[in-house]
Structures are given as structure tokens and as C-alpha cells.
Amino acid sequence: MKLLLLGAGGREHALAWKICKSSQLEKLYVSPGNAGTSEIAENIAMDINDFDAVGNFCVQKKIDVLVVGPEQPLVNGIHDYFENNPRLKNVTVIGPKKEGAILEGSKDFAKKFMKKHRIPTAKSKSFNKQQVIEALEYLEQKEGPYVLKADGLAAGKGVVIESDLNKAKKAVKILLEGQFGKSSETVVIEDFLVGVEVSMFIITDGVNYKLLPTAKDYKRVGEGDTGLNTGGMGAVSPVPFANREFIDKVENQIIIPTVKGLRKEGIDYSGFIFFGLISVKGDPYVIEYNCRLGDPETEVIMPRLKSDILELFDGIATNTLSERDVEIDLRTASTVMLVSGGYPEKYEKYKEINIGDLDEKSVAFHAGTIIKNNKIVSNGGRVMAVTSYGKNIETSLKVCYANVEKITFEKKQFRKDIGKDLITKK
Ligand code: AMP
Ligand code: GLY
């Protein structure tokens, strides 16, 4: 199989690393990729939202499978573009069409979908920009903390959680006045749920699905979950409290109704679904859907997937996913993200990165890196994720942090408490 993988982060390096382990792989291209993907595949400089460019490349290189890492091209309709173009009909796209990507692209749609299909989620109401007064009145009737969500994509910045009523009112006004342009012309206000978060992932051909490992990510920049939100500072898989009983509940109450619900709506979904969940006293609720894998969750999920991922992609291409096996490594995988000093605010780029000899239980997945003058340099806020295996969270993190020390660049920062909460709660 010849593949093109779109994206440039740690998620894409982890996917590329896994794809390269398949005996069925003939050639892997990554666009735009990073320094890490250039070591194992061929990077192609391309604007991944320029569908003509991506399409022409796929025709020219006779690509069989297009794997879409990030959400933006999916929400913009890259799968639809391929389906509607006779020259690209034979390319299998891993990722939903626009009508399915809307699960992530519109929180208002996702809430209505869950309500209709009786999928547990926080109670909510949506307001558009003509309904500012109604939104403020709704907040007044509620008790805090108040959860406000911009309807559309806002690069992970569209959720406001505010305890103070007046501040929440101000925030809702700013959102509805177009803080995120079209993305916040509608705002979802939902009840605050108290619980512990975990994410689950499936790959689906629209009828059948296969469960991937559970993961927990650490979104705040500071230790003890403090400071600004980031793309993710680390992750652990599996999550100990998500035991068989909990996973059964998620499958029966959330995953199966979601896959069936999509079909009932006439939405032909293929690709990954990421369920952001919260366990409230052992019962799962959906916080959000994503139409792709998570970053840095992928950096712990791919290392635990023992099965050939191209078999799963072929299962989607031929509607035979139900016949494919998903075998999971029983070890724990933990990942710690090394970030540029200052991230998620202003930071400097192009710091030279030195990667020492990592031990055999560890792998470095590049995120914001490029090659300049034959040297690997930083090129983003999240620079590199170090993933390590262990027989449990404690041992995997011990190995991970020892290897984190072997990677150096100026102003390197990382959280030292990834997974700690899961160890004490065991
Ligand atoms: P999202 O961008 O939807 O993942 O939301 C960002 C974060 O806000 C989540 O990871 C949760 O920690 C938190 N959050 C979102 N919705 C709720 C809710 N209804 N109750 C409590 N926390 C929430
Ligand atoms: N780590 C969260 C996300 O990928 O959305």
C-alpha cells in the first residue's frame, strides 16, 4: 500500500512510526511532516487544506490510502472532495466526510445528536448571536461553575469555565460578539460535571468498530493541573479506573448509540472517533467528540497497538473491519511532552535539539521540529514527546523521565507530574 498522511505533530509521527511497522507498506509520504517523520518517511511540503494540491499528489503517486491527522481538513471536506472527484475515487480516506466531522466541528450539532440518541452528556442549551439576552437570563437561573463553549472550531480555546456569574456573563457576550468569528456565533452553555476524565477511541467503517486503548491527557501547562490550557503536556494509557465494567458502560451507553445514531442520520462515517469522557461516580458522560485521534494520546495509543494498522485501514477500504483483530499490548505507555519555554504563550523557535541514546523501552516522537542546516531544531510550542513502556504507570514514567533528560534544547520545559494522580488513586 502507498499512503499519504496529513499533519505535522507528535500524533502524525506516532502514526507514521506505526504505519512503518507494517509489512504491507510500500511507501509512506507525510505532509508536511516534521524532522521525525522525515527520518522514516518522505516529507512533502504542501498546504494540507489545498485539496487540489493534495488530490493531484495522490493521483501522481498512485496513493491508496489518505490518512488525515488533524480535524481542519476533515471539517473543510477533504473526504467529500476525494469522493466527488472521479480521479480520486479509489483512494481510501481515513477520516469522515463533512457530515460526520461536524460531530467535532459543531458542538451545537453534537449536543443535539446526543440528546436525540439518548447518549449521556451534560444538560445544555444553545444560543445564537441574536439571543444574547436569553443566554444571560439562562446563566442567571443556573449555579456555577458555568461552562461556555463556542460552537465551532477554535483551536482548543473555545471552552470557558467560569465560577463567577458576572464574569461568565461577560464571557458569553464576548463569545457571541464574535470572539472566534463564525465559530462563536453560536454558544453552548452546559452544566458543569464533577468527575474524572478519560478518553476512548474507536476506528469505524460506519457499521462496525474496533476499540482502541483508553488514555488520559494532561491539558494544563503547569503541574497540579494549573496554568493555561495547551494542546496536551503528556498522556498515559491505559487509565486504571476505566476498568472492564466502565468500558462496557461506555460501549453500551455511548459508543454503540453513537455509531448507530450516525447511521440513522444517514451519515456514512469512516475513520476515528475520539470520545472525551468524564466519569461521574462511575457513570460515563460525553464532554466532546473529535473526528480524529488525540495529540498526545496517539503517542501512547500507537505504541500499545500490536496489530497491523494497515490491516485496519484495509478493513475500512473493503468494509471488513469486523473481521480484523485489534491486539493490545498489556504494558502501560506514558508520554511526556517537551515544550519550548514560554509555551503556550510566546516562545522562541529554532533551538538546536540534541537527542541522546534513548533506551529500548522508549521512543521520541517529534512534534514541532524541522531540519535546518542539517540540524534538528525546534519549530513549535510542543517540540517532542518521549514515550516509554512499563509494567505499570509508575515504572513507565520512571523510564520516561530518565529518557526525557537525554533530550536537550535551550529553554526546554515539561511537566514533572504526568500520571501522578493516577498512581495515588489506584
Ligand atoms: P473540550 O474542549 O470540550 O474538551 O473542553 C475542555 C475541557 O473543559 C475538558 O477537557 C474538561 O476538562 C472541561 N469541561 C468541558 N465541559 C465540561 C463540563 N460540562 N463539566 C466539567 N468540565 C468540562
Ligand atoms: N489532546 C487533546 C486533543 O487532541 O484534542
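These remarks concern the structure in this document. (Residues numbered from 1 in each chain as written. Chains lettered and ligands numbered in written order. Predicted model: local features only at pLDDT ≥ 70, side-chain atom pairs only at ≥ 80, totals over all residues. Heavy atoms only, no water.)

Regarding helix 10 (residues 244-264)
With 21 residues, helix 10 ought to run about 30 Å at 1.5 Å a step, and its terminal C-alpha atoms sit 28 Å apart, in line with that. Along its length, helix 10 reaches its greatest deviation from straightness, about 40 degrees, at glutamate 251. Those residues of helix 10 not exposed but buried are Phe246, Ile247, Val250, Glu251, Ile254, Ile255, Pro257, Thr258, Val259, Gly261 and Leu262. Here the buried face of helix 10 lies against helix 6 (98-105), helix 7 (107-116), strand 10 (196-204), strand 11 (209-211), strand 16 (271-280) and strand 17 (283-290). A positive backbone phi angle near 75 degrees is found at glycine 266, which sits one or two residues after helix 10. (Helix = DSSP H or I, 4+ residues; strand = E, 2+ residues; numbered from the N terminus. Expected span 1.5 Å × (residues − 1). Bend = angle between axes of the 7 residues up to and from the residue. Buried < 20%, exposed > 50% of the residue type's maximum accessible area, 1.4 Å probe, protein only. Contact = heavy atoms within 4.5 Å.)

A short note on the site of ligand 1
Around ligand 1, the structure places 14 residues, and the nearest of them are Glu190, Asp191, Leu193, Glu197 and Glu288. Here a nitrogen atom of ligand 1 sits 3.0 Å away from a polar atom, N or O, in the side chain of lysine 149. Among the secondary structure elements, those contributing two or more residues to the shell around ligand 1 are strand 7 (146-150), strand 8 (159-162) and strand 17. When grouped by side-chain class, the residues that make up the shell around ligand 1 number seven nonpolar, no polar and seven charged. (Near = heavy atom within 4 Å. Polar contact = N/O pair within 3.5 Å; in protein donor to acceptor, adjacent residues only side chain to side chain. Nonpolar A, V, L, I, M, F, W, Y, C, P; charged D, E, K, R; others polar.)

Here's the deal with the side chain of glutamate 251
By the secondary structure assignment, glutamate 251 is in helix 10. A distance of 2.3 Å separates a polar atom in the side chain of glutamate 251 from a polar atom in the side chain of tyrosine 209. Discounting chain neighbours no more than four positions away, the residues touching glutamate 251 are Tyr209, Leu211, Arg244, Ile256 and Pro257.

A short note on the pairing of strand 10
Of all nine residues in strand 10, seven are buried, a share of seventy percent or more. In textbook terms, the turn of a hairpin is the stretch between consecutive antiparallel strands, and for strand 10 and strand 11 this stretch comprises four residues, one of which, glycine 206, has a positive phi near 100 degrees. (Pairing = 2+ DSSP bridges.)

Considerations on unusual backbone geometry
Residue proline 296 is bonded to the preceding aspartate 295 through a cis peptide linkage, with omega at 20 degrees. Looking at where proline 296 falls in the secondary structure, it is placed in the loop between strand 17 and helix 11 (298-304). Residue proline 344 is reached from tyrosine 343 by a cis peptide bond, and omega for that bond is 10 degrees. Topologically, proline 344 is positioned in the loop between strand 18 (332-340) and strand 19 (354-355). Within the chain, asparagine 373 stands out as a residue other than glycine whose phi angle is a positive 50 degrees. Relative to the helices and strands, asparagine 373 resides in the loop between strand 21 (369-372) and strand 22 (375-378). Asparagine 373 gets classed as exposed once you look at its relative accessible area, which sits at 74%. Phi is positive for asparagine 374, close to 65 degrees, though the residue is something other than glycine. Along the polypeptide, asparagine 374 turns up in the loop between strand 21 and strand 22.

Focus: the nonpolar core
Counting residues in hydrophobic clusters, the biggest one holds 108 residues, and the most contacted among them are Leu4, Leu66, Tyr289 and Phe313. Element by element, the count of residues in this core is highest for helix 10, at seven residues. What leucine 4 contacts, discounting residues up to four positions off in sequence, is Tyr29, Val30, Ser31, Met46, Val54, Phe57, Cys58, Ile63, Val65, Leu66 and Val67. By size, the runner-up hydrophobic cluster in this structure holds 15 residues, among which are Phe127, Leu136, Ala171 and Ile189. (Core = buried A, V, L, I, M, F, W, Y, C linked by side-chain atoms within 4.5 Å.)

Focus: the packing of helix 8 (residues 132-141) against helix 9 (residues 165-176)
In contact at an axis separation of 10 Å, helix 8 and helix 9 are set at 155 degrees when each is read in the N-to-C sense. By the criterion of interaxial angle, the relationship of helix 8 to helix 9 is roughly antiparallel. Viewed along their axes, helix 8 and helix 9 form a crossing whose handedness is right-handed. Packed against helix 8, whose contacting residues are Val132, Ala135, Leu136, Leu139 and Glu140, the element helix 9 presents Leu165, Ala168, Lys169, Val172, Lys173 and Leu176 at the interface. (Axes fitted to C-alpha atoms, helices over the stretch in contact; angles between N-to-C directions. Parallel < 35°, antiparallel > 145°, perpendicular 65-115°, else oblique. Left-handed = near helix turned anticlockwise from the far one by under 90°.)

Observations concerning the site of ligand 2
Around ligand 2, the neighbouring residues are Asp217, Gly231, Phe274, Arg292, Gly294, Asp295, Pro296 and Glu297. With respect to ligand 2, the side chain of arginine 292 contributes an N or O atom lying 3.0 Å from an oxygen atom. Here a nitrogen atom of ligand 2 and a side-chain polar atom of glutamate 297 are 2.9 Å apart. Taking 200 Å² as the accessible area of ligand 2 by itself, protein coverage stands at 87%. Along the lines of polarity and charge, the residues of the shell around ligand 2 split into two nonpolar, two polar and four charged. (Areas by Shrake-Rupley, 256 points an atom, 1.4 Å probe, with all protein chains shown as cover.)

Read these as layout, nothing more, since geometry by itself doesn't imply function.
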